[in-house]
Amino acid sequence: MAGEQLPPEQVVAQRQYAPDRRVDIVHLKIDVTPDFTNRTIRAQTTLRFVPIARPLRELRLDAVELAVSNITATAAIQGWRVETNAIWITFEQPIPPDRETAVTVDYSARPKRGLYFRTPELGYRPEDMHLFTQGEAELARHWFPSHDFPNEKFTSEVICRVPPGMTVLSNGRLAGRTMDEATGLEVVRWVQDKPHVSYLIALAAGRFAGLEDQWRDIPLTFHAPVSQSGMATNSFPDTRDMMAFFERETGVLYPWDKYGQVCVQDFVAGGMENTSLTILTDRTLHPASVGRLRSSQGLLAHELAHQWFGDYVTCKDWSHLWLNEGFATYYENLYQGHRHGRDAFLWSMLQDAERVLANANDTTPIVHRTFKQPDEQFSFRAYPKGGWVLHMLRSQLGEELYRRCIRTYLERHAFGCVTTEDLREVIEELSGLSWDAFFDQWVYHAGTPSLEVEYRWEEASHLAHVTVRQTQKVSDQVLLFRFPLTLRFKGEGLLEDRVVTIDSRRQDFSFPLPKAPQIFRVDPEVTLLARIEVRLPRPMWLAQLDDAGDMPGRLLALRHLAKNANEEVVRRLGRVLREDGFYALRIEAAKALRRIHSDAALEELLAGIDQPDERVLNEVLQALGGFHDPKAYAALRQRLDGCENPILRATIFEGLAGCPDEDIDALLIGALEKPSFDNVVARAAIGAMRARENPAFVEPLRRYLETHPDRFRAADYGRALVDLAHLARTLEDK
Ligand SMILES: [Zn+2]
């Protein structure tokens, strides 16, 4: 089909735009009765609306697979019809503009998407039975009819009728909980009296256990399925600190009546930022015993940031999704910095940069209209690249001016819908500068700069010569970039920054310096999203690896040196593993030593096994397991004694899979006995059993799987059965 020209009207039809708003929805009320046994709902949704600008004869509502039984209205209805994706209601007389009208739709549904049951019939524990909804991107229409697109905001209420004793959570504030004697059901009513978009309307109902807290006068709640509620305390305590941080950072008080967070089982994503009620995957729950190997901070901070970015102001259509996700990603990183220091913040930014640069040949801009499904927009462009756009803005504006811009943007568009131009306008207005080029290259065009930097010192003239080349493929989609670039020269008694503007294919610079620098750094403060390759003599890399105040520099040096490791480098990596002040660099050193895989590298890993931070220790244990060496196995076995951390224990059992010692078999069988978090220890032991191909495991494993299916998640249990079958096959072979 290459080269085929489409007629112009079809070309337009393929692009994605916001739909027309024929009416202004004022309020939407859902009254829903779930049937947990049959996994269906009966519901009545009422919309109050006002036609915009012209008389309205027909009202169209988004609705998918709703079995509509009746429709009534405050205006006379001539008829209605249900199509695959919509309900059409025809009024006898056109409704004049600005006349408020109410329409009520009675229906039932067995939603395949949008609303999800977790019931014993589906293999979930009876004591955890629940349901939850997911609206974004366009799934709300699977459980209630509305204008299901983010260019329309309205207030809402959700009434849910459940068996007594169940918890019902929804947006806004709790407005009533009464008993309906006729049905024996409890009627719980939540009201969101601040406008929001359809995809943010949420419901979670069922058997949850909860914790409560408070930030200022804002009630905070945290719920988890009953059987997992013991772990809730480990996820929740940071919420108040996050609230305080985001209010200070944005300059805008938390805009909703309460903040609830609820964990549900087999959630469809990591988390969803429904207004005032974030729904989270239960996989974020963890016991204290795992230490720093699990954390809910990133996820919770991301979803909480959305309460400002995405909920309070919402992207008008999916082409501007980065205004939701880029902000949430960036403010999650800012929170990491607030909580764990500047290196933690920079580390998050560097990891995000890697996610973007892994797609270096991408030719689609952040804002574009050529996606087929809105779900495609939830990609590295909206998340890490969007976050990086904000980071570059903040770096170039300065923190104080950046904060003023963001606060103005939020206040000006409070409870409104936004596009990228709304953000650009505020920044231009407050900074006085033109940001056309910035948004043009980073947001409306694709790609990232790829830089090759050469450095040369000329002793005779005391000049540092620097050549910068932009080598990315330039096209209609990817521009030649223009940006400020900081070059830093460091040495004893020397610290000089030179900021140059890069705007060409190749630029040469010469800087007079009092003496030869020992370290030369490009973009030392991590303010540019670019692949940067610097060519330096080896002594300068070694000096950079020792620079205690420059974590990003040490990371670059470590990675560069590890590519061509000699004995000296292996020794230096060992020193990083034992002594570096930042945990992630110690992890990088362990990974590098594992890759180098020499006897000397093993010695350095063994010498670096005493790690107080579990994240580093786990990496060292994994690295040791990869060596298949008696000394490494001995070290792993030794670490097992007294180790109460289930994830570390699991890593050790995985590492021992290849150990030839026969008594390992008994150790693995013994590992099945005790339950552990997520059954992680037993699962690792079973994996090791499979790898050892010993038919003696068949009987104990069969017994274990028969007695303790409840310790597994369904998918994990299936995998364990496959492992058992694999081992039993060996038995038959013999
Ligand atoms: Zn998000």
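Not measured: the values here are computed from a predicted model. (Residues numbered from 1 in each chain as written. Predicted model: local features only at pLDDT ≥ 70, side-chain atom pairs only at ≥ 80, totals over all residues. Heavy atoms only, no water.)

Visitor: When you look at the domain arrangement of the chain in this model, what are you seeing that I'm missing?
Guide: A common way to state how big an interface is: give the accessible area lost once the parts meet. Per the domain assignment, the segments of the chain are domain 1 (23-206), domain 2 (313-442) and domain 3 (642-734). On a C-alpha basis, the centres of domain 2 and domain 3 stand 45 Å from each other. (Domains from an automatic or database assignment.)

Visitor: Just checking my understanding: could you explain the coordination of the zinc ion for this structure?
Guide: For a metal with four tetrahedral donors the ideal donor-metal-donor angle is 109.5 degrees, whereas six octahedral donors ideally subtend 90 or 180 degrees. Note on the zinc ion: its protein donors are His302 (NE2), His306 (NE2) and Glu325 (OE). The metal-donor distances range over 2.0 to 2.1 Å. Here the donor residues of the zinc ion are spaced in sequence according to H-x3-H-x18-E. Separated by 23 residues along the polypeptide, His302 in helix H4 (residues 297-306) and Glu325 in helix H5 (residues 322-340) bring together distant segments of the chain. (Donors = N, O, S within 2.8 Å, 3.2 Å for Na, K, Ca; no water. Helix = DSSP H or I, 4+ residues; strand = E, 2+ residues; numbered from the N terminus.)

Visitor: Quick question: what am I supposed to make of empty space enclosed by the protein here?
Guide: Remark: the empty space left among the atoms is shown by a probe the size of a water molecule rolled over them. A full pass over the atoms with the stated rule returns two cavities of 30 Å³ or more. Approximately 50 Å³ is the volume found for the largest cavity. In terms of lining residues, the largest cavity is bounded by Trp318, Ser319, Leu321, Trp322, Ile366, Gln377, Ser379, Arg381 and Ala382. Partitioning the lining of the largest cavity into residue classes produces five nonpolar, three polar and one charged. Space inside the second largest cavity adds up to approximately 40 Å³. Val356, Asn359, Ala360, Asp362, Phe380, Lys385, Gly447 and Thr448 together form the lining of the second largest cavity. Here the residues of the lining of the second largest cavity sort into three nonpolar, three polar and two charged. (1 Å grid on protein atoms, 1.4 Å probe; cavity = no way out; pocket = protein on both sides within 12 Å on 5 of 7 lines; lining within 4 Å. Points joined across faces, edges and corners; volume = space filled by probe spheres on them. Nonpolar A, V, L, I, M, F, W, Y, C, P; charged D, E, K, R; others polar.)

Visitor: I would appreciate a short explanation of the packing of helix H3 (residues 239-250) against H5 in the present structure.
Guide: Helix-helix packing is characterised by the crossing angle of the two axes and by the distance between the axes. Between H3 and H5, the least distance of the axes is 11 Å, while the angle of their chain directions is 110°. The angle between the axes of H3 and H5 places the two elements in the roughly perpendicular class. The two elements H3 and H5 meet at a crossing, and its hand is right-handed. Taken together, the residues of H5 that come into contact with H3 (itself represented by Asp241, Met242, Phe245, Phe246, Arg248, Glu249 and Thr250) are Tyr331, Leu334, Tyr335, His338 and Arg339. Looking at the contact of H3 with H5, its residues break down into six nonpolar, two polar and four charged. (Axes fitted to C-alpha atoms, helices over the stretch in contact; angles between N-to-C directions. Parallel < 35°, antiparallel > 145°, perpendicular 65-115°, else oblique. Left-handed = near helix turned anticlockwise from the far one by under 90°. Contact = heavy atoms within 4.5 Å.)

Visitor: I would appreciate a short explanation of helix H14 (residues 583-596) in the present structure.
Guide: Since the α-helix turns once every 3.6 residues, residues separated by three or four places project in the same direction. For H14, which comprises 14 residues, the first-to-last C-alpha distance of 20 Å matches the rise-based estimate of 20 Å (1.5 Å per residue) to within 8%. Every buried residue of H14 is listed here: Ala584, Leu585, Arg586, Ile587, Glu588, Ala589, Ala590, Ala592 and Leu593. Tucked inside the fold, the buried residues of H14 contact helix H6 (342-357), helix H12 (551-563), helix H13 (567-579), helix H15 (599-607) and helix H16 (614-625). His597 occupies a position one or two residues after H14 and carries a positive phi of about 60°. (Expected span 1.5 Å × (residues − 1). Buried < 20%, exposed > 50% of the residue type's maximum accessible area, 1.4 Å probe, protein only.)

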